[in-house]
Amino acid sequence: MKKYLLSSVFVALLFAPIITFSQGSCYADQSDFYWKISQSLYGSKRLSDCHPNAYYNCHGFVMSYFENGCTDAGWSKNQIAAPYSCPNNQGIKSAGSYQNSGKYVQVCSEANANIAYYKFVRGDHSAVKEVSAGGSIIKYLSKYNFDGPLVAHNLTGSWYHLDGQETVPPTPVQFWSYVGPILGNPNIVGLSQKTFNVNNISSVTYSWSIVSGNSNINISSASNQSSVTLTPTHSGTAVLRLNVSSACGTVKTQQITLNIQTNVCLEGSYNTGSSSGQHLYTVNSVPVGSVTATVTCPNATSYTWQKTSGTINSWFASGANVSFSMTSGGSITFSVTAKNGATTLATRNVTFYNYGSFMVYPNPSTTSLSIDVNKDIPFTVVLQSFDGPTRAEIQNYYGESKIDISTLKPGEYVLYIYHGDEIINQQRIIINK
């Protein structure tokens with residue numbers, strides 16, 4: 001039977017946040033009268049006596065109850081012999097220990113709660129909500145101070161012994177619910193979808209996101225659910241974050257790190273002088289300077305790199321790695337093959353290119369102009385006048401080709417350069433006649 005370890009150190013302050021201590025004995029008065037324990041008078045019942053070896057308070061009890069699965073004590077069950085114990089007991093805690101955790105969220109009504117929190121002048125108190133008898137009995141389980149018993153009681157009434165105020169709880173009572181940790185295996189192997197989840201609580205909003213490693217995995221399920229489905233796309237790491245909130249309280253956050261191994265042959269990454277661990281796509285735009293790429297393939301014993309096109313002539317390959325220095329407007333394409341002995345496992349083409357300097361010349365221009373961009377990549381160029389509707393568009397433009405502007409009226413223009421649907425540069429130019 002799972003149990004909690006009861007506290008029995010006398011502490012002068014009601015809920016001082018002491019983490020560890022030894023307790024010689026229980027509080028001197030352990031009578032039901034002192035602690036206001038009476039089913040007929042106060043709607044309360046003793047669940048376990050005090051014990052000198054106990055070492056947790058009401059907040060520690062709440063966290064132990066949910067996080068360590070200690071659910072044997074209850075209103076409808078027999079009294080448990082002290083000390084009520086539990087593996088990995090949470091010990092002496094403050095309310096902030098769970099309220100600042102992403103595993104708990106404040107809710108607006110008792111119906112959606114499984115924790116009640118009381119704040120009063122001399123201290124605070126936490127209790128676990130227990131629903132039994134098919135929902136007809138609702139009680140709250142509390143550890144009364146460090147050196148008191150474990151008790152079941154009503155939400156109000158004998159909620160805590162406090163020198164004549166035990167039947168007058170503070171208002172308003174806060175309600176909280178245990179969301180739980182993000183459940184799911186963070187070590188992902190293969191490309192199949194994976195599901196992660198927490199407890200589903202009515203009135204709570206769930207917001208999942210991938211805060212790093214977006215190129216390695218993506219969310220493929222609907223939003224605002226207590227579970228999320230992820231689709232891995234690339235080996236590496238990613239961080240999955242969950243924000244939970246309700247109309248009451250603040251947003252609570254927790255996250256886990258995912259380790260992804262897709263087992264896809266010839267996927268990889270590349271590093272440049274300004275970034276590292278970039279996803280290796282079939283076509284990769286890189287800055288001027290050193291570039292190093294690495295591929296992986298399960299069961300591969302050798303890799304072969306072969307340049308198939310491009311303006312970069314100096315490069316070096318060693319096993320799964322290749323390196324070169326990118327020039328302005330340069331490009332290079334490799335065919336890389338992975339083998340196991342004489343058996344070819346996979347072959348893929350990988351291209352690296354640099355857009356170029358984006359220099360427009362001559363500027364000012366009269367009849368034609370050119371742009372110093374990559375000669376092997378098609379761009380779309382748009383000229384838009386500052387002072388009117390004049391607009392010219394040139395599709396499939398290759399670097400250093402001439403653009404005829406003889407029919408455009410003189411004035412100032414903005415020259416936009418697109419690659420696909422993305423604006424990669426814009427410049428001010430002047431057309432003279």
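Residues numbered from 1 in each chain as written. Predicted model: local features only at pLDDT ≥ 70, side-chain atom pairs only at ≥ 80, totals over all residues. Heavy atoms only, no water.

Draft legend 1. Quick peek at the state of the cysteines. According to the stated counting rule, one finds two disulfides in the structure shown. The disulfide that involves C108 links it to C248, with 2.1 Å between the sulfurs. One disulfide, between C108 and C248, carries an S-S torsion of 130° and so falls in the right-handed class. Residue C108 is located in the loop between β2 (104-107) and β3 (115-120), and its partner C248 is located in the loop between β13 (236-245) and β14 (252-261); the two are separated by 140 residues in the primary sequence. For C108, a relative accessible area of 41% translates into the label partly exposed. Since its relative accessible area comes to 21%, C248 is described here as partly exposed. (Disulfide = S-S within 2.5 Å. Helix = DSSP H or I, 4+ residues; strand = E, 2+ residues; numbered from the N terminus. Buried < 20%, exposed > 50% of the residue type's maximum accessible area, 1.4 Å probe, protein only.)

Draft legend 2. Here's a closer look at the environment of D376. If you trace the backbone, D376 turns up in the loop between β25 (368-373) and β26 (379-385). Of the residues examined, D376 reaches a relative accessible area of 46% and is grouped as partly exposed. Measuring from C-alpha to C-alpha, the distance between D376 and I332 comes to 10.0 Å, with 44 residues separating the pair along the chain. Setting aside its immediate chain neighbours within four residues, D376 contacts T311, S331 and Y398. Among the polar contacts made by the side chain of D376, one reaches the side chain of S331 at a distance of 2.9 Å. (Contact = heavy atoms within 4.5 Å. Polar contact = N/O pair within 3.5 Å; in protein donor to acceptor, adjacent residues only side chain to side chain.)

Draft legend 3. Structural detail: the sheet that holds β25. In spatial order, the strands read β24-β25-β28; together these three strands make up an open sheet with antiparallel pairing. Among the strands making up the open sheet, the edge pair consists of β24 (356-361) and β28 (403-404). One ladder, built from two bridges, connects β25 with β28; its direction is antiparallel. In the strand pairing of β28, L369 is matched with I403. (Pairing = 2+ DSSP bridges.)

Draft legend 4. Region of interest: the pairing of strand β21 (residues 321-326). A one-sided burial pattern is seen for β21, the buried positions being V322, F324 and M326 and the unburied ones N321, S323 and S325. Note: strand β18 (residues 289-296) against β21, six bridges, orientation antiparallel. Residue pairing in the sheet places T292 in a bridge with S323 of β21. Sheet analysis places strand β20 (residues 315-318) next to β21, joined by four bridges and oriented antiparallel. Its bridge partner being in β21, W315 is matched across the sheet by F324. Here β20 folds back onto β21, and the loop between the two strands holds two residues, one of which, G319, carries a positive phi near 60°.

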